[in-house]
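Each chain, letter by letter, is given below.
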Amino acid sequence: MINEPGPYDRIRSKTLLGKVMTAEEAAGLIAAGSNIGMSGFTGSGHPKAVPTALAARIAAARERGERFSVGLWTGASTAPELDGALAAVDGIELRMPYQSDPISRAKINAGLIDYLDVHLSHVAQMVWEGFFGHLDVALIEVSGITEAGDLIPSSSVGNNKTWLDLADRVILEVNSGQPAALDGMHDIYYGTALPPHRVPIPIVRASDRIGIPHFRCPPEKVIAVVPTDAPDRCTVFKEPDQTSRLIAEQLVDFLRHEVKRGRLPAELLPLQSGVGNVANAVLAELDAGPLRPLTAYTEVIQDGMLAMLRSGTMSFASATAFSLSEEASAELLANIDYYRERILLRPQEISNHPEVIRRLGCLAMNGMIEADLYGNVNSTHIMGSSIQNGIGGSGDFARNAYISMFVTPSTAKGGAISSIVPMVSHVDHTEHDVHVLVTEQGLADLRGLAPRRRAAKVIEHCAHPSFRDELQDYFDRALHGENGLQTPHLLDEALSWHSRYLATGSMHH
């Protein structure tokens, strides 16, 4: 069996070839109560077989009346066969640092899973410091193993280096479904350390290589190697609608204005973009415009960024993972030699590193759920209590960006809810970290404005006409309140702005 062609061709280390087993056998090596560091970032590079086998094992233990759950640590969100499968059998005790699975979300909001929503650049350091407990197992997808036993990373890097360094035991999934030509696209940096031994991260351009192409892992730590042949979870992107196109036009017009004013160079500064339909619309608008050659220093390479690399609008992109549609995945595979010269995948502690973001002057473009009149942004919670996904890396970039921009349609739920509110129900990004707000209605540049000036601009430029008069009325009355005029609020009414929608069910997710 071991000599068969196919998946075993990717396992070139004779030592590790001797540790090949099935996913079920590997799952049997994971003890109840273990903390598991798994690969995976936005549906790319996650283990495809062992999590499902582990979920089946947990379900069987539950049927016998045995309690069996694990701590699940990843790079970011993963896929249904990982997050969803384990959450469905109540197999997750604690989840961090980010998730987007509907089953997992429901269990978190029901209080059945402890969820720690963590800035992605902070995870590795906090794990090294021991705040989440001991890491028992690393379960990592790789695209191959070299003769020397080095691990060729897959389509995401995430926190894999940290998991491999710290875990007592390592389980590898070697996925022959990942392109072999990914080898050489990664930059794994081993120079990080905790204070007082920390040194500068030597990146001054998005294209700088500072590490090595493979992970290092002592072979004696590896307890199982599981061959797989399975694709990543492809993201489904919609064609940009009118709202997304208007937001994109507003944002790109703003960037052109900044170039004209001399505050940005003609090739801009490295772009960071969140994932989603609006983000892809912005990238498409940039791709059609005159600003070039652009670069990216970001978390995720999605369809719009791949198109920019293909057209030559973008010369280079640094990230930690892919998040591609089925069509874009096929494009990457068909022209991977071309893209390997223009893309680097790094550990997320480097792709999201505040020092590097600040040095490069990244232009951060992220989505949000709601913003208030003064520029505070909620990007994670509904009604202040129910988590949607998590903060991800938006805070890493917003706090340190040269320009921090947040985008959203001005309304949600078919126009029943305003995305611009008097006071956000949960704060992820304070007014101090938010420079620009954009909706399809317009753009508010909040830089250099005191709170009352911000409010006037947000109402005028970002609020939907259906809610503009109501927001203006709130602000006018707050100006005559008794609580001070630096940041005028009517606290009881600000809260009722959210709670009144409960009666209609409009805010139920």
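Residues numbered from 1 in each chain as written. Predicted model: local features only at pLDDT ≥ 70, side-chain atom pairs only at ≥ 80, totals over all residues. Heavy atoms only, no water.

**Considering the overall build of the protein**
- The helix and strand tally for the protein stands at 18 helices and 25 strands.
- For 509 residues, the compact-globule formula gives about 23 Å, and the C-alpha radius of gyration of the protein, at 23 Å, lands near that figure.
- Taken along its principal axes, the extent of the C-alpha atoms in the protein is 75 × 55 × 45 Å.
- Relative to its full complement of 509 residues, the protein shows a buried share of 57%.
- Residue pairs at least 24 apart in sequence account for 73% of intrachain contacts in the protein once pairs closer than 6 positions are excluded.
- A total accessible area of about 19800 Å² is found for the protein, and carbon and sulfur atoms account for 52% of it. (Helix = DSSP H or I, 4+ residues; strand = E, 2+ residues; numbered from the N terminus. Rg over C-alpha atoms; globule rule 2.2 N^0.38 Å. Buried < 20%, exposed > 50% of the residue type's maximum accessible area, 1.4 Å probe, protein only. Contact = heavy atoms within 4.5 Å. Areas by Shrake-Rupley, 256 points an atom, 1.4 Å probe, with all protein chains shown as cover.)

**Looking at the sheet that holds strand E16 (residues 370-372)**
- Strands sit in the order E17-E16-E23 across an open sheet of three strands; the sheet is mixed. Strands with a single pairing partner mark the edges of an open sheet, and in this sheet they are strand E17 (377-378) and strand E23 (420-421).
- When E16 meets E17, the two strands line up antiparallel, connected through two bridges. Each bridged residue has a counterpart across the sheet, and for Glu370 the counterpart in E17 is Asn378. (Pairing = 2+ DSSP bridges.)

**Regarding the packing of helix H4 (residues 80-88) against helix H5 (residues 102-109)**
- At a minimum axis distance of 7 Å, the contact between H4 and H5 shows a crossing angle of 45°. Compared by their axis directions, H4 and H5 come out oblique. Two packed elements cross with a definite hand, and for H4 against H5 that hand is left-handed. Between H4, through Asp83, Gly84, Ala87 and Ala88, and H5, the contact on the second element is made entirely by Ile103, Ser104 and Lys107.
- Broken down by class, the residue content of the contact of H4 with H5 amounts to three nonpolar, two polar and two charged. (Axes fitted to C-alpha atoms, helices over the stretch in contact; angles between N-to-C directions. Parallel < 35°, antiparallel > 145°, perpendicular 65-115°, else oblique. Left-handed = near helix turned anticlockwise from the far one by under 90°. Nonpolar A, V, L, I, M, F, W, Y, C, P; charged D, E, K, R; others polar.)

**Structural notes on the pairing of strand E8 (residues 222-228)**
- The buried count for E8 comes to five of seven residues, which makes it a mostly enclosed element.
- Note: strand E7 (residues 169-175) against E8, six bridges, orientation parallel. Residue pairing in the sheet places Leu172 in a bridge with Val225 of E8.

**Observations regarding the environment of Phe41**
- Take Phe41: it is sitting in the loop between strand E1 (35-38) and helix H3 (50-63).
- Classification of Phe41 by relative accessible area gives buried; the value is 1%.
- Separated by 204 residues in sequence, Phe41 and Arg245 have C-alpha atoms that sit 27 Å apart.
- Discounting residues that sit within four places of it in the chain, Phe41 has contacts with Gly75, Ala76, Ser77, Leu120, Ser156, Gly158, Glu299, Val300, Thr320, Ala321, Phe322 and Gln348.

**Observations regarding the confidence of the model for the protein**
- A residue-level look at the protein finds 97% of positions with pLDDT of 70 or above and a mean pLDDT of 94.
- In the predicted structure, residues 1-5 sits below a pLDDT of 50 and forms four contacts with residues beyond four places in sequence or in another chain. (pLDDT = per-residue confidence, 0-100.)

**Examining the environment of Thr411**
- Relative to the elements of secondary structure, Thr411 occurs in strand E21 (residues 411-412).
- For the pair formed by Thr411 and Thr439, sequence separation is 28 residues and the distance between their alpha carbons is 9.0 Å.
- Apart from the residues within four sequence positions on either side, Thr411 is in contact with Ile417, Ser418, Ser419, His464 and Phe467.

**Focus: helix H8 (residues 242-260)**
- Under the 1.5 Å per step criterion, the end-to-end length of H8 is 27 Å for 19 residues, consistent within 8% with the ideal 27 Å.
- Next to the buried residues of H8 lie helix H9 (277-287), strand E15 (363-367), strand E20 (403-407), strand E24 (436-439) and strand E25 (442-445).
- The positive-phi residue at the C-terminal boundary of H8 is Gly262, with phi of around 85°. (Expected span 1.5 Å × (residues − 1).)

**Observations regarding the pattern of salt bridges**
- Evaluated as defined, the whole model comprises 21 salt bridges.
- Close ionic contact of Asp90 with Lys107 constitutes a salt bridge, the shortest N to O distance being 2.7 Å. Remark: Lys107 occurs in helix H5 and Asp90 occurs in the loop between H4 and strand E3 (92-96); sequence separation between them is 17 residues.
- Its relative accessible area of 17% is what places Lys107 among the buried residues.
- Where Glu431 meets Arg454, a salt bridge forms, and the shortest distance between an N and an O atom there is 2.6 Å. Within this pair, whereas Glu431 is found in the loop between E23 and E24, its partner Arg454 is found in helix H16 (residues 451-461), the two being separated by 23 residues in sequence. In this structure, Glu431 and Arg454 share a single accessibility class: buried.
- Where salt bridges share partners, they join Glu258, Arg263, Asp445 and Arg447 into one cluster. (Salt bridge = Lys/Arg side-chain N within 4 Å of Asp/Glu carboxyl O.)

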